[in-house]
Amino acid sequence: MADEVRLKKVNYTESTRTDGTSASGEKVSVSAFEGYFPEKPKYDENGNIIITYALNGETFVKTANRIGLKEQELAQTNPKAAKNGWFRVGEAVAVSPETAEKVNPQNLEVDPKKEETKYEQETLENIWQDRTINPAFKSTEPVTLDKNTTYWELAKKYLKEFGNEKPSDKEISKHVLLLQGINNDKDLTAGVEVKLPITKFKEYPRDKYSLECFGLGYEITKEGTRQSTVLFDDGRKIKRWRDEAKQIDYYNYYNTEGKLLEQRTFSDTDDSSTVKTIDPESGKVIVSVKKDKDGSETIISPLVEELDKDVSAKKWGIIPTTRKSLESNIKKITPEHLELVLQTYKKQTGRSLVEDIDWEIGLSKKTSNAVMEHLQKSAGYDPNYHNPNSQIKNENYTGRIYDVKTDKNVVTITNKSTGKQSKIDIDDLLYSMGYDKDLLFRGKLQNLPGEVLEDMSVEVSKIWSIEENPTPDDDADGYYDPYSDDITVSRNEDTIVHELGHAVDNTKKKTSFSSVFNQKLAVSFQREMKAYIAQGGIKFEYDKEDTQYYDGIGNYCTANIQEMVAESYTLMMLGDCDSKETILNHFPETFALVKEHIANIRKLPAGKRH
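Residues numbered from 1 in each chain as written. Predicted model: local features only at pLDDT ≥ 70, side-chain atom pairs only at ≥ 80, totals over all residues. Heavy atoms only, no water.

**Q** Before we move on, could you go through the overall build of the protein chain and cite the residues and values that matter?
**A** Assigned secondary structure in the protein chain consists of 21 helices and 25 strands. Across the 610 residues in the protein chain, those meeting the buried criterion constitute 46%. Look at the contacts in the protein chain between residues 6 or more apart in sequence, and 51% of them connect residues 24 or more apart. When the accessible surface of the protein chain is split by element, carbon and sulfur atoms take 48% of a total near 32500 Å². (Helix = DSSP H or I, 4+ residues; strand = E, 2+ residues; numbered from the N terminus. Buried < 20%, exposed > 50% of the residue type's maximum accessible area, 1.4 Å probe, protein only. Contact = heavy atoms within 4.5 Å. Areas by Shrake-Rupley, 256 points an atom, 1.4 Å probe, with all protein chains shown as cover.)

Shown next as structure tokens:
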């Protein structure tokens, strides 16, 4: 380790040892360096003196200028920083004892911790607010380097591809951070594969467009206008613009193939809005809904009007008058607007489209089957569905493997471990629904995991649509009737499974839920509830408004032990539920006991479960 330091002082140069004495042994005043340079300097592993620390946003050249050295002189003792073109914020800057006499003491004082804190704050701001850097975090592409390079040069190249021919040092520094992060700071040598931000946005140069990242994609806005394009990660797109003269905002929605699906307009002059659903193949309007300021709606659907003319079932005439265009018009219905067409048909005619087709005696069997198959396919239902390896596998639960097979209206669920079979007659299960809801529910049910379907085959008598059988609580998405073993639900997958969880828990028909009598489970629930409340959590109360979400986190599982079981069952079966964070963070013991509780229920004979 070196024991001598030469310091450049005003009108005076002296050789000084690290103990503060001169070469002749006399004490030397270092007042000129007080606050900038310690009386006992620190050294790096190579015996070089740590003279200062790197400032936030400072390049290697600027660091050299600040301490009064040439770039080449500083590079001798800081080769990695010289290669990169910058020091890490707060990093020690070392100089050799021979070079120390040239150092300018005026700008050496740096608090590395403060610089690191400032850097972290700016980094967070850049990550969430910088409109150019954000898209790069979302998508990258692998590139093999053809020569040795630095992150600084790589960042400059990326910015040029974005249309920024002369990026500032600050802009380059931001992108150096980005590139280091997505490549784990690996060395950039020839032949190495690195991840680079995708260049799909380079058609939007920075001087004309701004880019902003959000959860599911990016929004690109033309500077000085209200014209923007939203690009979703899955390929969907929304184009938005405004006609200032008419004071109308326009939105066009496109599918993953770039075909127009929907047009929306919002008028400032009369507070009206119009939503037009488009057939992506023909580009024609399927349904147009105009909503006025007072909330009244005007619905126009050329397709529904044609379908109404196509069918003859409504006329009850002796001679069938089915139009030949029925099949072609039905096939214009796509999965994206199936439900809307069914709703519009019901509103305009007072009848069910599916029921009308079912009663249409003027159709040949071949045409009738083709029409119904198209509607079922649009609803996501496959009468010949087969999943030989249906298994629940998520971070909170791994279930058994099932073979699920659909033959027209009957679903057969086979436990591949035991060979035990269960069946669901979908016609019977959904008998209480109207024709249209029956169709829409089939696809949802069919795609539930085999383990859920097995429970449903044992536990549920009928499923009702919430529109056909309104809940006692207007705000509820569904409910379970322990006396009839029926569930009434919306078409949301999690609601169906939640209510099924109640059915599983109700092992004594027309009495009560078995979880109420599970003392071990009840004690755990109460103990963890007290701890949850002590930590500031809020218990869900049915008679209070806006308590289902506390600080944005669902707490419905805290209502009572039955809701804890139903939410935990949903979390197990789907890997998610509204109360997920609350259950995992505050009720881990209760959750483990719910798993045990459900496993014990499944061991019971079907007659004692249902």
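The structure having been displayed, the exposition proceeds.
**Q** Explain the packing of aromatic side chains to me, and be specific about the residues and the numbers.
**A** Per the stated rule, a full pass over the model turns up 6 aromatic pairs. Between Tyr251 and Phe266 the ring centres are 5.7 Å apart and the planes differ by 85°, which places this aromatic pair in the edge-to-face class. Here Tyr251 is found in strand β12 (residues 248–254), whereas its partner Phe266 is found in strand β13 (residues 260–267), with 15 residues between them in sequence. Taking the centre distance of 5.7 Å and the plane angle of 50° together, the rings of Tyr532 and Phe587 count as tilted. Here Tyr532, found in helix α17 (residues 519–534), pairs with Phe587, found in the loop between α19 (580–586) and α20 (588–602); they are 55 residues apart in sequence, far enough to count as distant. Of the aromatic side chains, those joined through ring pairs into one cluster are Phe525, Tyr532 and Phe587. Just above the ring of Phe232 sits the side chain of Arg236; from NZ or CZ to the centre is 4.2 Å. The ring of Tyr254 has Lys237 lying over it, and the distance from NZ or CZ to the ring centre is 5.4 Å. (Phe/Tyr/Trp six-rings, centres within 6.5 Å; stacked < 30°, edge-to-face > 60°. Lys NZ or Arg CZ within 6 Å of the ring centre and 35° of its normal.)

**Q** Run through the sheet that holds strand β3 (residues 42–43), naming residues and quoting values.
**A** One open sheet holds the 3 strands; their spatial order is β3-β4-β5, and the pairing between them is antiparallel. Either end of the sheet is taken by a strand with one partner, and the two such strands are β3 and β5 (92–95). The pairing of β3 with strand β4 (residues 49–53) spans 2 bridges and is classified as antiparallel. The partner of Tyr43 across the bridge, within β4, is Ile49. Sheet contacts for helix α1 (residues 60–67): β4 and β5; angle to β4, the most-contacted strand, approximately 110°. (Pairing = 2+ DSSP bridges. Axes fitted to C-alpha atoms, helices over the stretch in contact; angles between N-to-C directions.)

**Q** Pulling in residues and values, what's your account of the environment of Ser325?
**A** With respect to the helices, strands and loops of the structure, Ser325 is situated in the loop between α8 (302–310) and α9 (326–330). Look at Ser325 and you get partly exposed, because its relative accessible area is 24%. Linking Ser325 and Glu306, residues 19 residues apart in sequence, is a C-alpha distance of 8.5 Å. A distance of 2.7 Å separates the side chain of Ser325 from the side chain of Asp310, its partner in a polar contact. (Polar contact = N/O pair within 3.5 Å; in protein donor to acceptor, adjacent residues only side chain to side chain.)

**Q** Describe the pairing of strand β11 (residues 237–243), and please don't skip the residues or the numbers.
**A** Taken residue by residue, a regular strand's side chains alternate between the two faces of the sheet. Only one face of β11 is buried, namely the one carrying Ile238, Arg240 and Arg242, since none of Lys237, Lys239, Trp241 and Asp243 on the opposite face is buried. Taken together, the 4 bridges between strand β10 (residues 228–232) and β11 define a ladder with antiparallel strand orientation. Counted as the bridge partner of Ser228 is Arg240 from β11. Following β10, the chain reverses through 4 residues before pairing antiparallel with β11; Gly235 in that reversal takes a positive phi of roughly 105°. Here 7 bridges tie β11 to β12, and the two strands are oriented antiparallel to one another. Across the sheet, the residue bridging to Lys237 is Tyr254, located in β12. Hairpin connection from β11 to β12: 4 residues lie between these consecutive antiparallel strands, with Gln247 at a positive phi of about 55°.

**Q** Explain the side chain of Thr77 to me, using residue names and the numbers behind them.
**A** Within the secondary structure layout, Thr77 lies in helix α2 (residues 71–77). Within the structure, the side chain of Thr77 is placed 3.1 Å from the side chain of Asn78, a separation counted as a polar contact. In contact with Thr77, other than residues within four places in its own chain, are Asn48, Ala94, Val95 and Ser96.

**Q** Describe the pairing of β10, naming the residues involved and giving the relevant values.
**A** By the criterion of burial, β10 is predominantly enclosed, with 5 of the 5 residues buried. Residue alternation in β10 divides its side chains into two sets, Ser228, Val230 and Phe232 and Thr229 and Leu231, and both sets are buried.

**Q** Break down the sheet that holds strand β17 (residues 386–394) for me, citing the residues and quoting the values.
**A** Across the sheet, 4 strands lie side by side as β17-β18-β19-β20; this open sheet has antiparallel pairing. In this open sheet, the two edge strands, each paired with only one partner strand, are β17 and β20 (421–425). Across the sheet, the mean angle separating the axes of adjacent strands is 25° when strand polarity is ignored. Pairing analysis gives 6 bridges linking β17 to strand β18 (residues 397–407), with the strands arranged antiparallel. Within β18, the residue paired with Asn394 across the bridge is Tyr397. Contacts between helix α15 (residues 450–459) and the sheet are confined to β17, β18, β19 (410–415) and β20, with β18 contributing the most and set at about 70° to the helix.

**Q** Account for the packing of α17 against α20, naming residues and giving values.
**A** The angle between the axes and the distance between the axes are what describe a pair of packed helices. Contact geometry of α17 with α20 gives a least axis separation of 8 Å together with a crossing angle of 160°. Accordingly, the angle class assigned to the pair α17 and α20 is roughly antiparallel. Here α17 and α20 pass one another in a crossing that is left-handed. Here Lys520, Leu521, Ser524, Phe525, Arg527 and Glu528 of α17 lie close against α20, whose contacting residues are Pro588, Glu589, Thr590, Leu593, Val594, Glu596 and His597. Grouping the constituent residues of the contact of α17 with α20 by class yields 5 nonpolar, 3 polar and 5 charged. (Parallel < 35°, antiparallel > 145°, perpendicular 65-115°, else oblique. Left-handed = near helix turned anticlockwise from the far one by under 90°. Nonpolar A, V, L, I, M, F, W, Y, C, P; charged D, E, K, R; others polar.)

**Q** Give a description of the side chain of Asp505 that names residues and reports values.
**A** Note that Asp505 resides in helix α16 (residues 493–505). For Asp505, a relative accessible area of 1% corresponds to the buried category. Within the structure, the side chain of Asp505 is placed 2.9 Å from the side chain of His597, a separation counted as a polar contact. With near-sequence residues (within four places) excluded, Asp505 lies in contact with Phe513, Ser514, Ser515, Gln562, Val565, His597 and Ile601.

**Q** Residue-level account of unusual backbone geometry, with values.
**A** Of note, Asp271 is a non-glycine position whose phi angle comes to about 55°, a positive value. The residue Asp271 is located in the loop between β13 and β14 (273–278) in this model. Even without glycine at this site, Lys408 takes up a positive phi of about 60°. If you trace the backbone, Lys408 turns up in the loop between β18 and β19. Relative accessible area serves as the criterion here: at 60%, Lys408 is assigned to the exposed category.

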